[in-house]
Structures are given as C-alpha cells and as structure tokens.
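Understanding the architecture of this molecule
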Amino acid sequence: QVQLVESGGGLVQPGGSLRLSCAASGFTSSSYAMSWYRQAPGKERELVAGITSAGGLKNYADSVKGRFTISRDNAKNTVYLQMNSLKPGDMAVYYCNAGKGPWISYWGQGTQVTVSS
C-alpha cells in the first residue's frame, strides 16, 4: 500500500522555523522525484520545492527561495522541508508528493503549518 505520511507541522511565530518530514512506504521512493506543495484557504495548491530522485537537483518557488530547503534521505525513504524565517503568508496545509513520469503521482494527507503571534 502506497503511503506518504507528513509530520512536523504546527504553530510557530513569525520568524520561527519548522522542519517537515514525509515518510514514504509501499513503493521505491528513491526512484521518484519528491516535492512539497502547499494550499492556503481559498487558494490553489502551489509547488513549494522539489528534488530529483538522487537529490542532485532542487527547485523552489520564488516566495521561499533562501528560506526553505528541501532534502531527502533515500536510506530512510524520507524527504524533508526545512522552513526558516516563516511568515504569515507561509501558513497553509503542506502536502508531500512523489512523482515519476507524467502519469504517476502520489500524495500525502497534508500537515498544517500555522504562522501566528
């Protein structure tokens, strides 16, 4: 059974940090590109960061460049999103995605990130 389980979300003050984790199981995640998306209330889901299967290439949304870092540990079947200098605009449900080619895409159930003082 394919599963992506996100964790690490929560409430943080502006300027604070969180590290999200996404644990994959039921498939060979090391051969998949992994991404983090987020969706704020009333907005479309947007790509936050992505990383290739071997971790050699990473991409980020302009809004998070320099503040967020995506990484992966294929030995642990886990991808991470380190989020620093959080802003109220970062508040959203964060989703993990595993993708391979144009047809295969798996999603986690999401973890809530709340940025508020």
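Anything mentioned here points back to the structure above.
The notes below deal with the structure included here. (Residues numbered from 1 in each chain as written. Predicted model: local features only at pLDDT ≥ 70, side-chain atom pairs only at ≥ 80, totals over all residues. Heavy atoms only, no water.)

**Brief notes about the overall build of the chain**
Each helix and strand in the chain was counted, giving 0 helices and 11 strands. Of the regular secondary structure in the chain, the N- to C-terminal order runs β-β-β-β-β-β-β-β-β-β-β. Expected size for 117 residues packed as a compact globule is a radius of gyration near 13 Å; at 13 Å, the chain falls within 12% of this value. Expressed as lengths along the three principal axes of its C-alpha atoms, the size of the chain is roughly 40 × 25 × 25 Å. For the chain, with 117 residues in total, the buried portion stands at 38%. Across the chain, every contact between residues at least 6 apart in sequence was considered, and the portion connecting residues at least 24 apart equals 52%. With an accessible surface of roughly 6,200 Å², the chain has 49% of that area assigned to carbon and sulfur atoms. One way to put it: in the chain the 11 positive side-chain charges average out to a point 5 Å from where the 6 negative ones average out. (Helix = DSSP H or I, 4+ residues; strand = E, 2+ residues; numbered from the N terminus. Rg over C-alpha atoms; globule rule 2.2 N^0.38 Å. Buried < 20%, exposed > 50% of the residue type's maximum accessible area, 1.4 Å probe, protein only. Contact = heavy atoms within 4.5 Å. Areas by Shrake-Rupley, 256 points an atom, 1.4 Å probe, with all protein chains shown as cover. Lys, Arg positive; Asp, Glu negative; His and termini not counted. Charge placed at Lys NZ, Arg CZ, Asp CG, Glu CD.)

**Observations regarding the environment of R45**
By the secondary structure assignment, R45 is in the loop between β4 (33-39) and β5 (46-51). Once the C-alpha coordinates of R45 and A92 are considered, the two residues, 47 residues apart in sequence, prove to be 9.4 Å apart. Contact partners of R45, with chain neighbours within four places excluded, come to Y37, R38, Q39, Y95 and W107.

The analysis is restricted to geometry; functional conclusions fall outside its scope.
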